[in-house]
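# A structural walkthrough
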Amino acid sequence: MTKTGAQILWECLEREGVKHVFGYPGGAILPAYDALKHSDIHHILVRHEQGATHMADGYARASGEVGVAVATSGPGATNMVTGIATAMLDSSPIVCITGQVGSKLIGSDAFQETDITGITLPITKHNYLVTHADQLARVLREAFYVARSGRPGPVLVDITKDAQQSSCEFNWEAARPQLPGYRPDLSPEETEYAQALELIHKAKRPLILAGHGIIVSGAMAEVLTLAEKAGIPVALTLLGLGAFPASHPLNLGMMGMHGEAWVNHAIQEADLLLALGMRFDDRVTGNLKTYAQDAKKIHIEIDPAEINKNVKVDVALVGDLREVLKELLPRVESVDHTEWLDSIDKLKGDSAVRDVQKLPDNGHLYAAHVINDLWRETRGSNTVVVTDVGQHQMWEAQYFKHEKARSLITSGGLGTMGFALPAAIGAKVARPEAEVWVIVGDGGFQMTMSELATIVQEKLKINIAIINNGFLGMVRQWQEFFYERNYEATPLLNPNFVKLAEAYGIRSMAVTERSQVLPSVRAARDHDGAVLLDFKVEQEDTVYPMVAAGASLNDMIRRPSPIVETAADE
Amino acid sequence: MLNIFVVYVENKPGVLTRVASLFRRRAFNIDSLTVGRTEKPEVSRMTITVDTNPDQAKRIEANLYNLVNVLLVENITHEPAIARDLAMIKVAATHEARSHVLELASVFRARVVDVAPESLTIEITGGEDKIDGLLEVLRPYGVVEMVRTGIVAMRRGTTSPSANPNQTKTPQVAADEGVSYSV
């Protein structure tokens, strides 16, 4: 059947299972928008193209399905760059569709022309420029396949206006992907399994490092079985949170720069690190020269380019984590590591006193209380927390206990401020039955707060908790520690967030005291529309513990004694 | 040490950019890169030399494979292989120096490809050492201009990638004029 490129676009998306796209129209993508009337796909109009990419990203992370963002050429496309890089660093499968000027105008600096395939080359898994309608079906099939397979990532498809307008014969079946160079399905050698098993069985002080790859691969059950069967404790990366139940006795908590002190000590004392779907980011290793020197290292990872990138490993099993673990598990023997587990318990010592609930209410509001209360209140329900980047993100990681995969969505690798609000929209669209909470700083919120309009327009029930300390808090913390408290450019003059929300028709409330936290959270949950809570928290609070950039992992700046002194002393 | 990679890529616009961008982004320093056609019109072949250690060489290989348009990567540094560089050297050769330059060229089995009143242009093919050697002895006469292609390399013997059963990636690509993989 003969169809225009624009019609082919939507039909291909439908055939790929796409139900929602996040987009913003403009000249070069108008033919595609015109053809949308024939499609069942629900288009969500965003307020900025960066928002569209974060929404597609949040959609992908909440559901595991490919998220789709659409924009026009030129500025529309360049506005997507931050969102694409965010998805790239966190291996999130999104497909970005951009309009491009007519193929005959390419290279002429035409109005709204930009070389978006060139610009996004290093931040996409792959990208395409399509100049003929008859190539569109195959390219889109490839794009979705590449985005979701192997180590997932963003793919951009730039379609010229004439390719959208011209017609050709459309045959989905015939337009099969032709990717002779693409190998997403690697698997380890038998000898590598044997070497890994030998190390696992010999280890006295083994530790599982659980990363995002567990969630991407859907290997939660296999990791649980492995930990329980071999008696190995589990430390998680930020993006790994939820991959292993927080309440499980073998779960130690988060590792790294703001990880639990005992976790970092345990890593440094371990004699075997079993790295599952994680990439030894500098935020989790600290100084590489002093990182886990006594430990043998096994790396199970789908991307061969990650092997020996930062940390040299003894055995690498390259493949899909779930498949590799399925192969490995029947051969793993049960080992008793009581002594090791006891020694980690001793490491915890009094630093395990993280129960902020025990601290007396001194009239001040601390972010830790807000987040911990939010967790206690929503415990057991189908909650997705979407955080931004900074102090609140780390407090969330510390004080909100994630039991399930895909219950935390956060920008880890790129650390993109402004991520939370749009990503939460994507998450809510993907999982309408879930209770979605945005936890965001007052700085990051203002980067993408225009998407409040998208929430209202789509009638989405999203709860927003602004952790408002009047500072770019994490930057202020670095200035406090490393720049002699020179708070240059970090204090924020904020608008009245309550009035702002009301202007959008969003119910809103400011919270200044600890006693108001639970009632406000309950009120937000009971309301059937979006709610914004402005938590005015202590201004100069600090995330502890902290490994300074470049310091050894066990060289932590600890919370001044007594623990949570700011709360207890005042 | 100098590692030699033979890289088969899909013959599409923009693939060279992808490879070059990868090296830049990962801070791998290219010593030389050549690209040209192969016996199959849909496949191009690159020879890339990089001064690096074995660990990083493995990472380069893995990163190259992460490019969707890369079909096959071989590190032939430790394989029996033929590596050739081609140079054209324009030497200032006036009356009395001319016969000396010609003599040196013939010792190195180089050919004279252009003769002008004030200069000779010599073409030489060979390993890098041989070309460096000729260059060294010509320098006193005055090298006016020089160009080198960079190394092209090939394994010795009958082994070719398609004959190796472990390497299943058969470069079979359809030509598609409507798609440019990054311009």
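Residues numbered from 1 in each chain as written. Chains lettered and ligands numbered in written order. Predicted model: local features only at pLDDT ≥ 70, side-chain atom pairs only at ≥ 80, totals over all residues.

### Observations regarding the overall build of chain A
Helix and strand counts for chain A come out as 24 helices and 22 strands. The C-alpha atoms of chain A give 24 Å as radius of gyration, which agrees with the globular expectation for 570 residues (25 Å, within 12%). Its C-alpha atoms put chain A at 70 × 65 × 40 Å along the principal axes. Burial analysis of chain A (570 residues in total) assigns 55% to the buried set. Taking all contacts inside chain A whose residues are at least 6 apart in sequence as the whole, residues at least 24 apart take part in 78%. (Helix = DSSP H or I, 4+ residues; strand = E, 2+ residues; numbered from the N terminus. Rg over C-alpha atoms; globule rule 2.2 N^0.38 Å. Buried ≥ 20, exposed ≤ 12 C-beta atoms within 10 Å, placed from the backbone. Contact = placed C-beta atoms within 7 Å.)

### Brief notes about the overall build of chain B
Scanning chain B from terminus to terminus reveals 4 helices and 10 strands. Ordered by position from N to C terminus, the α and β elements of chain B give β-α-β-β-α-β-β-α-β-β-α-β-β-β. By residue count, 30% of the 183 residues in chain B fall in the buried class. Put simply, 75% of the contacts in chain B that link residues at least 6 apart link residues at least 24 apart.

### A short note on the sheet that holds strand 11 (residues 251-254) of chain A
All names here are of chain A. Read from one edge to the other, the open sheet built from 6 strands follows the order 11-10-9-12-13-14, with strand pairing classed as parallel. Each end of this open sheet is capped by a strand with a single partner; those strands are strand 11 and strand 14 (315-318). Strand-to-strand twist across the sheet, computed as the mean angle between neighbouring axes with direction ignored, equals 15 degrees. Where strand 12 (residues 272-276) and strand 13 (residues 296-301) come together, 5 bridges link them in parallel fashion. Note on strand 13: the bridge partner recorded for Leu 274 is Ile 298. In the packing of helix 12 (residues 261-269) onto the sheet, the strands contacted are strand 9 (206-210), strand 10 (234-236), strand 11 and strand 12, and the crossing angle to strand 11 comes to about 105 degrees. (Pairing = 2+ DSSP bridges. Axes fitted to C-alpha atoms, helices over the stretch in contact; angles between N-to-C directions.)

### Some details on the environment of Gly 529 of chain A
Residues and elements named next belong to chain A. Position of Gly 529 among the secondary structure elements: in the loop between helix 23 (517-526) and strand 20 (531-536). Residue classification places Gly 529 among the partly exposed residues on the basis of 14 C-beta atoms within 10 Å. Each C-alpha atom of the pair Gly 529 and Gly 505 lies 9.6 Å from the other, and the pair is 24 residues apart in sequence.

### Some details on the pairing of strand 2 (residues 20-23) of chain A
All names here are of chain A. Pairing of strand 2 with strand 3 (residues 42-45), which is carried by 4 bridges, proceeds in the parallel orientation. Residue Val 21 lies in a different strand from strand 3, and its bridge partner there is His 43. Note that the unit made of strand 2, helix 2 (residues 30-35) and strand 3 has a crossover that is right-handed. Of the strand pairs in this sheet, strand 2 and strand 4 (residues 67-71) are connected by 2 bridges, and their pairing is parallel. Paired with Phe 22 across the two strands is Ala 69, which belongs to strand 4. (Right-handed = clockwise from strand over helix to strand, strands pointing away.)

### Thoughts on the sheet that holds strand 1 (residues 2-10) of chain B
Residues and elements named next belong to chain B. Taken in spatial order, the 4 strands line up as 2-3-1-4 in an open sheet, and their pairing is antiparallel. Lying at the two open borders of the sheet, with one neighbouring strand each, are strand 2 (30-37) and strand 4 (70-75). Strand-to-strand, the axes of this sheet are offset by a mean angle of 15 degrees, without reference to chain direction. In this sheet, strand 3 (residues 43-51) lies alongside strand 2 in antiparallel orientation, the contact comprising 7 bridges.

### Focus on the packing of helix 3 (residues 49-63) of chain A against helix 5 (residues 81-89) of chain A
All names here are of chain A. Put simply, helix 3 and helix 5 touch, their axes get as near as 7 Å, and they point 25 degrees apart. One element, helix 3, and the other, helix 5, form an angle in the roughly parallel class. Taking contact as the criterion, the partners of Gln 50, Thr 53, His 54 and Asp 57 in helix 3 are, on helix 5, Thr 82, Gly 83, Ile 84, Thr 86 and Ala 87. When the residues that make up the contact of helix 3 with helix 5 are grouped by side-chain class, the tally is 2 nonpolar, 6 polar and 1 charged. (Parallel < 35°, antiparallel > 145°, perpendicular 65-115°, else oblique. Nonpolar A, V, L, I, M, F, W, Y, C, P; charged D, E, K, R; others polar.)

### Description of the domain arrangement of chain A
Accessible area lost upon the coming together of the parts serves often as the stated size of an interface. Residue and element names in this part refer to chain A. Taken domain by domain, chain A consists of domain 1 (2-169), domain 2 (190-350) and domain 3 (354-539). Its C-alpha centre places domain 1 at a distance of 37 Å from the equivalent point of domain 2. Each partner contributes residues to the interface: domain 1 has 5 residues there, and domain 2 has 5 residues. Considering only residue class, the side of domain 1 that touches domain 2 consists of 1 nonpolar, 2 polar and 2 charged. (Domains from an automatic or database assignment.)

### A short note on helix 2 (residues 54-65) of chain B
Residues and elements named next belong to chain B. If you check helix 2, its first and last C-alpha atoms are 17 Å apart, about what 12 residues at 1.5 Å a residue would give, namely 16 Å. Restricting attention to buried positions, one finds in helix 2 the residues Ile 60, Asn 63, Leu 64 and Tyr 65. Buried residues along helix 2 sit against strand 1, helix 1 (15-25), strand 3 and strand 4. (Expected span 1.5 Å × (residues − 1).)

### Concerning the confidence of the model for chain B
Residues and elements named next belong to chain B. The predicted model of chain B averages 87 in pLDDT, with 86% of residues at 70 or higher. In this model residues 163-178 is a low-confidence stretch, pLDDT under 50, and it forms 28 contacts with partners more than four residues away in sequence or in other chains. The ipTM value of the predicted complex is 0.89, and its pTM value is 0.93. (pLDDT = per-residue confidence, 0-100.)

### Some points on helix 7 (residues 136-148) of chain A
Residues and elements named next belong to chain A. End to end, helix 7 covers 18 Å across 13 residues, agreeing with the expected 18 Å (1.5 Å per residue, within 8%). In terms of burial, helix 7 is a largely internal element, 11 of the 13 residues being buried. Among the residues of helix 7, those classed as buried are Leu 136, Ala 137, Arg 138, Val 139, Leu 140, Glu 142, Ala 143, Phe 144, Val 146, Ala 147 and Arg 148. Downstream of helix 7 by one or two residues, Gly 150 has phi in the positive range, about 60 degrees.

### As for the packing of helix 1 (residues 5-15) of chain A against helix 7 of chain A
All names here are of chain A. Across the interface, helix 1 lies against helix 7 with an axial gap of 9 Å and an inter-helix angle of 30 degrees. In terms of axis orientation, helix 1 runs roughly parallel to helix 7. Classified by chirality, the crossing of helix 7 by helix 1 is right-handed. Between helix 1 and helix 7, the residues in contact are Gly 5, Ile 8, Leu 9 and Cys 12 and Leu 136, Ala 137, Leu 140 and Arg 141, respectively. Residues that form the contact of helix 1 with helix 7 fall into these classes: 6 nonpolar, 1 polar and 1 charged. (Left-handed = near helix turned anticlockwise from the far one by under 90°.)

### Some details on the environment of Ile 455 of chain A
All names here are of chain A. Mapped onto the elements, Ile 455 comes out in helix 20 (residues 452-457). The exposure class of Ile 455 is buried, given the 25 C-beta atoms found within 10 Å. Apart from the residues lying within four places of it in its own chain, the contact partners of Ile 455 are Ile 425, Leu 460, Ile 462 and Ala 530.

### Describing unusual backbone geometry
Residue and element names in this part refer to chain A. In the segment running from Tyr 544 into Pro 545, the intervening peptide bond is cis, with an omega of -15 degrees. Here Pro 545 shows up in the loop between strand 20 and strand 21 (546-547). The phi dihedral of Gln 112 falls on the positive side, at around 60 degrees, and the residue is not glycine. Locating Gln 112 in the fold gives a position in the loop between strand 5 (94-100) and helix 6 (116-119). The class of Gln 112 is partly exposed, set by 16 C-beta atoms lying within 10 Å. One non-glycine residue, Lys 459, adopts positive backbone phi at about 50 degrees.

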